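Next come the chains, spelled out residue by residue.
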Amino acid sequence: MQPGQTVTVFGAYGHTGRFVVAELRERGFVPVLSGRDAGKLRALAAATPGAPEVRPASVDDPASLDRALDGAHAVINCAGPFALTAAPVIEAALRAGIPYVDVAAEIEANLDTFTHFADRARAAGAVIVPAMAFYGGLGDLLATAAMGDWTTADEADIAYGLSGWHPTPGTRIAGTVSRERRAGRRVRYTDGRLQYHDDETTLLKWPFPAPMGTREVVGEFTMADVVTVPSHLSIPEVRTHMTAEAAGDLSAPDTPAPTAADENGRSDQTFLVDVVVRRGDTERRAVARGRDIYAVTAPLAVEAVHRILTGRTRTLGVASAGRIFDAPDFLRALSPHITLDPLPRQTAS
């Protein structure tokens, strides 16, 4: 990476966007602040060391997006709902000839990116990485690392052990958009495809590693991993689960947004992501632990940009984290932010 490479952050003043801007500066990049609200952008710039450049832009104004990306080496889209922002910002990135990374957790928005841009991005030699975030990205990296030398598996479970979940306003809006797109139905990945259904939720007991131990989880609390993992791994059954307390926080309308508990703005939320892939009677497991699901998204996205700009990728076009990067190596690079159990770890079922 050349010192001082410029990265436009669309949605820079949002909760996750602020973490991304800070991480870019920490890694030696020059962030350009972009988004719809010029006042919020100027306020963020004034509060950020170095007073980064501000370039207001709107997804319904392609010329403004072109100005926001002019001269940038990459763009990170942090502005949800991604059902509305992903396609216009990807189009602008393709016009600018620069890589696009987003932090979308919306299942349908990520599926749209794979569906609508795969051929064009491949033909253009472009790099587009959706869901490069806690949901969709981290689980995909862990599942890929756990697979090791396996080319297929029978099933994968990704269990999210969150101490709680104080959702941001952006999370709530994105969830509303997704529910509307599904007409209120739930979704699962089974028999090798996404299926929408009206089944009731179920509670399961999940044996998280110590010290968390066995906890009650909402079974098939489906997250973006059901798009990213099957996009490149041959696994016909992919399930995600969420600790019941965190799911309850998310569904409660009065749960407050996260509040800073340290000098870096992180909340006191902790997480454990437990990934188990199975083939026959054998299972392999990968575990990541850390703090604040929104804050940890920033090093995931910025590390992705760093690797793209330094040529450390395995493919072109639209690709998930586990497909485009060396998953174990990428995870090790996150060691200042997450703690990993040895990868891969193989045990008999």
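What counts, and at which threshold
- Residues numbered from 1 in each chain as written.
- Predicted model: local features only at pLDDT ≥ 70, side-chain atom pairs only at ≥ 80, totals over all residues.
- Heavy atoms only, no water.
- Helix = DSSP H or I, 4+ residues; strand = E, 2+ residues; numbered from the N terminus.
- Buried < 20%, exposed > 50% of the residue type's maximum accessible area, 1.4 Å probe, protein only.
- Contact = heavy atoms within 4.5 Å.
- Areas by Shrake-Rupley, 256 points an atom, 1.4 Å probe, with all protein chains shown as cover.
- UniProt positions renumbered as here; feature names shortened; annotations may be inferred.
- Salt bridge = Lys/Arg side-chain N within 4 Å of Asp/Glu carboxyl O.
- Pairing = 2+ DSSP bridges.
- Axes fitted to C-alpha atoms, helices over the stretch in contact; angles between N-to-C directions.
- Core = buried A, V, L, I, M, F, W, Y, C linked by side-chain atoms within 4.5 Å.

Secondary structure assignment for the protein chain yields twelve helices and 17 strands. Principal axes of the C-alpha set define a box for the protein chain whose edges measure 55 × 45 × 40 Å. When the 349 residues of the protein chain are sorted by exposure, 55% land in the buried category. Intrachain contacts of the protein chain at a sequence separation of at least 6 include 70% that bridge at least 24 residues. Within the structure as shown, the protein chain displays about 14,300 Å² of accessible surface, and the carbon and sulfur contribution to it stands at 50%.

The UniProt feature table records "domain: Saccharopine dehydrogenase NADP binding" (unreviewed entry) at residues 7-126. Annotated as residues 7-126, this span is 52% helix and 17% strand, and its ends, taken at the C-alpha atoms, are 16 Å apart.

Turning our attention to the pattern of salt bridges. Pairs can form between side chains of opposite charge whenever their charged atoms are close. Enumeration according to the criterion identifies 25 salt bridges in this entry. A salt bridge links Arg 285 to Asp 274; the nearest nitrogen and oxygen atoms lie 2.5 Å apart. Here Arg 285 is found in strand S14 (residues 282-291), whereas its partner Asp 274 is found in strand S13 (residues 270-279), with eleven residues between them in sequence. By relative accessible area, which is 16% here, Arg 285 ends up buried. Classification of Asp 274 as buried rests on a relative accessible area of 0%. Residue Arg 289 pairs with Asp 341 through a salt bridge whose shortest N-O separation is 3.8 Å. Taken together, the positions of Arg 289 in strand S14 and Asp 341 in the loop between strand S16 (338-340) and strand S17 (345-348) put the pair 52 residues apart, joining distant regions of the chain. One salt-bridge network, in which partners are shared between bridges, spans Arg 27, Glu 303, Arg 307, Arg 312, Asp 329 and Arg 332.

Time to look at the environment of Glu 283. Residue position: Glu 283 is located in strand S14. Glu 283 gets classed as buried once you look at its relative accessible area, which sits at 16%. As a C-alpha pair, Glu 283 and Asp 326 span 43 residues in sequence and 21 Å in three-dimensional space.

We now examine the sheet that holds strand S1 (residues 6-10). Sheet architecture is open: seven strands sit in the order S3-S2-S1-S4-S5-S6-S15, paired in parallel fashion. Edge strands, defined here as strands with exactly one partner in the open sheet, are strand S3 (54-56) and strand S15 (317-318). Sheet strands touched by helix H2 (residues 38-47): strand S2 (30-35) and S3. Its angle to S3, the strand with the most contacts, is close to 170°.

Turning our attention to the nonpolar core. Ile 76, Met 132, Phe 134, Leu 138, Leu 162 and Trp 165 are the most contacted members of the largest nonpolar core, which totals 103 residues. With nine residues, helix H6 (residues 134-147) is the largest single contributor of residues to this core. Those residues in contact with Leu 138 that lie beyond four places of it in its chain are Ala 133, Phe 271, Val 273, Ala 288, Leu 300, Leu 331 and Ile 338. Among the nonpolar cores identified, the runner-up in size contains seven residues, and Ala 159, Phe 208, Leu 272 and Val 276 belong to it.

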